[in-house]
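# Structural overview for review
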Amino acid sequence: MEYLKSSQGMPLEEKLQVLTDAAKYDVACTSSGVERKGNGHSMGNCVAAGICHSFSSDGRCISLLKILLTNECIYDCKYCRNRHSNDIPRATFTPEEVCILTMEFYRRNYIEGLFLSSGIIGNPTFTMELICRTVWLLRNRYRFNGYVHVKAIPGAAPEVIEQTGFLVDRMSVNLELPTAEGLRSLAPNKHRKSILTPMRQIQNGIQVNRNDLVLYRNAPKFVAGGQSTQMIIGATPESDFQIIHVAESLYRKFDLKRVFYSAFVNVTGDKSLPALPGGPPLLREHRLYQADWLLRFYGFRAEELLDEKRPFFNVLLDPKEDWAVRHLEQFPVEINRAPLEVLLRVPGVGVKSARRIVAARRSGNLTFQDLKKIGVVLKRALYFVTCSGKMMYPVKLDEDSIVQNLTNRTERVRFGSDGMTYRQMSLFDDAGFWGPVSVVEQQQTAIGQL
């Protein structure tokens, strides 16, 4: 218990400042995935729609009480601010202090749940026991019924991870870096096998628990919100192609709810880390999240989005736009006939709008004005779709022309108040502009120019 005594004289407010700051690089912006109503005896509940989030000026999610149990750590990962060799203020909460903070913040409506991670103090099992003890107290002594997400510690005893799983809504095991080679170079104390072992245990526990809940309605739930993981992007030289292949494999093999991508921030100044003259790779992180969405909800495969010849995402186009302009042989898509899986591949058409299109066209043919009302982003979609065999305006199905229109704001379609009138630079006449005229008139003009 000497670890717990090391910061015993530190005021709670000072501990809170140290340990919330230490947790800000741990991604936790997750929806709850759990529906647990108030029971009249405990405080708090969970809603299936998820935890609502707001963000501070530096991008931190502040709707969860997001803290480390301790920033003491026996490991010396080169990218980690809390690594053993770093000379920084150290602090450690007791389990009771975490419970008090959670309840007081919740009563004041500052938070909707708790995200608890930790440095490795003593050894992985001891750290996991402290986390388990904290959540047990929160649930049983303090009667907290709200959302709790904790990090499972690789290398901890399986029985402790199992006990914790029955107390929390979500667990995550950080993959840390996309490949085993990157892990060996920057985190020599950590091993891929020790990370994947608890991930597999949680997956198996969730599956067994689902079967138990079918047989026994009152069986306790095990990690009802599923598990997630996090990868640091830009600290090691992996390409986007490698990263999304790793993510796809994790979704398929471990049934993860989310893979989070964290743009590398050099907070240690270690010479073996990249210098990042342009700052953290935030745009790259954003493109990976967009691609991740395509893998999970739009039916894309990693090898469709990138390959060895094109290992990085386009900085100018989002991944779906980039895929579409490279596969123009599949376009334009007829809105009134295309199946759902084809509609999902059209830029500007989301999952909800695709389903609305399928439902609405049962009552009659849809027009571009109907698509606007349904929620289709026409400034992207109009290059790739037809309504009753007609395009919104005559578009030359040429990759360079479409890319120019998608990336150059002066040449984008400018929509009027009704969503249909616009001024657009002609693809056939660099000197002229089309005014707010009908599609038929524009087609006639274009034919005359040809």
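Residues numbered from 1 in each chain as written. Predicted model: local features only at pLDDT ≥ 70, side-chain atom pairs only at ≥ 80, totals over all residues. Heavy atoms only, no water.

### Details of the overall build of the protein chain
Worth spelling out the cut-off: The helix count covers DSSP runs of H or I at least four residues long, the strand count covers runs of E at least two residues long, and both are numbered beginning at the N terminus. All accessible areas in this document rest on Shrake-Rupley with a 1.4 Å probe, and a residue is counted as covered only by the protein chains that are shown.
In terms of regular secondary structure, the protein chain is built from 17 helices and 10 strands. As displayed, the protein chain has an accessible area near 21,600 Å², and 51% of this comes from carbon and sulfur atoms.

### A look at the environment of K221
Considering the arrangement of structural elements, one finds K221 in the loop between α7 (192-215) and β5 (227-233). Spatially, the C-alpha atom of K221 lies 8.2 Å from that of R210, the residues being 11 residues apart in sequence.

### So, the pairing of strand β3 (residues 147-151)
Two faces, one strand: in a regular strand the side chains alternate between the faces of the sheet. Operational definition: Here's how the labels work: a residue is buried when its accessible area is under 20% of the maximum for its type, exposed when over 50%, partly exposed in between, all with a 1.4 Å probe on protein chains only. Crossover handedness is defined here as right-handed if the route from the first strand over the helix to the second strand goes clockwise, with the strands pointing away from the viewer. Strand pairing is assigned whenever DSSP identifies at least 2 bridges connecting the two strands.
Within β3, five of the five residues are buried, which leaves the element mostly enclosed by the surrounding structure. The parallel pair strand β2 (residues 113-117) and β3 is bridged by helix α4 (residues 124-140), and the resulting crossover is right-handed. For β3 and strand β4 (residues 170-172), the ladder comprises three bridges, and the chain directions are parallel. Each residue of the ladder has a partner; that of H149, found in β4, is R170.

### Brief notes about the confidence of the model for the protein chain
This is how it is decided: Looking at any residue, its pLDDT shows the predictor's confidence there, from 0 to 100. Contacts were defined at the residue level, with two residues in contact if any of their heavy atoms lie within 4.5 Å.
Predicted confidence across the protein chain gives a mean pLDDT of 84, with 80% of residues reaching 70 or more. Predicted confidence in the protein chain is weakest over strand β10 (residues 433-434), with a mean pLDDT of 31, and strongest over helix α5 (residues 158-165), with 98. Low pLDDT, under 50, characterises residues 1-6; the stretch is placed with nine contacts to residues that sit more than four places away or in other chains. Counting contacts from residues 411-450, a segment whose pLDDT is below 50, to residues more than four positions away or on other chains yields 79 contacts.

### Notes on the packing of aromatic side chains
Formally: When the centres of two rings from Phe, Tyr and Trp lie within 6.5 Å, Trp using its six-membered ring, the rings pair. Their planes under 30 degrees apart give stacked, over 60 give edge-to-face, and anything left gives tilted.
Per the counting criterion, the structure on display carries 10 aromatic pairs. Taking 5.1 Å as the distance between ring centres and 70° as the angle between the ring planes, the aromatic pair formed by F166 and F222 counts as edge-to-face. Separated by 56 residues along the polypeptide, F166 in the loop between α5 and β4 and F222 in the loop between α7 and β5 bring together distant segments of the chain. Its relative accessible area of 36% is what places F166 among the partly exposed residues. Using a relative accessible area of 3% as the deciding quantity, one classes F222 as buried. Ring plane angle 85° and centroid distance 5.2 Å describe the contact between F300 and W323, whose orientation is recorded as edge-to-face. With F300 in the loop between α9 (282-297) and α10 (302-305) and W323 in helix α11 (residues 319-325), the pair connects residues that are 23 residues apart, well separated along the chain.

### Focus on the packing of helix α2 (residues 12-22) against helix α3 (residues 95-107)
Where we set the bar: Axis angles are defined between N-to-C directions and span 0 to 180 degrees, where every axis is a line fitted to C-alpha atoms and, for a helix, only to the segment in contact. In what follows, roughly perpendicular refers to angles from 65 to 115 degrees, roughly parallel to angles under 35, roughly antiparallel to angles over 145, and oblique to any angle outside these ranges. In the scheme used here, Gly and all other residues not listed as nonpolar or charged are polar, with Ala, Val, Leu, Ile, Met, Phe, Trp, Tyr, Cys and Pro taken as nonpolar and Asp, Glu, Lys and Arg as charged.
Between α2 and α3, the shortest axis-to-axis distance is 12 Å and the interhelical angle comes to 85°. Between α2 and α3, the angle falls in the class roughly perpendicular. Touching L12, K15 and L16 of α2 are E97, L101 and F105, all from α3. Grouping the amino acids of the contact of α2 with α3 by side-chain chemistry returns four nonpolar, no polar and two charged.

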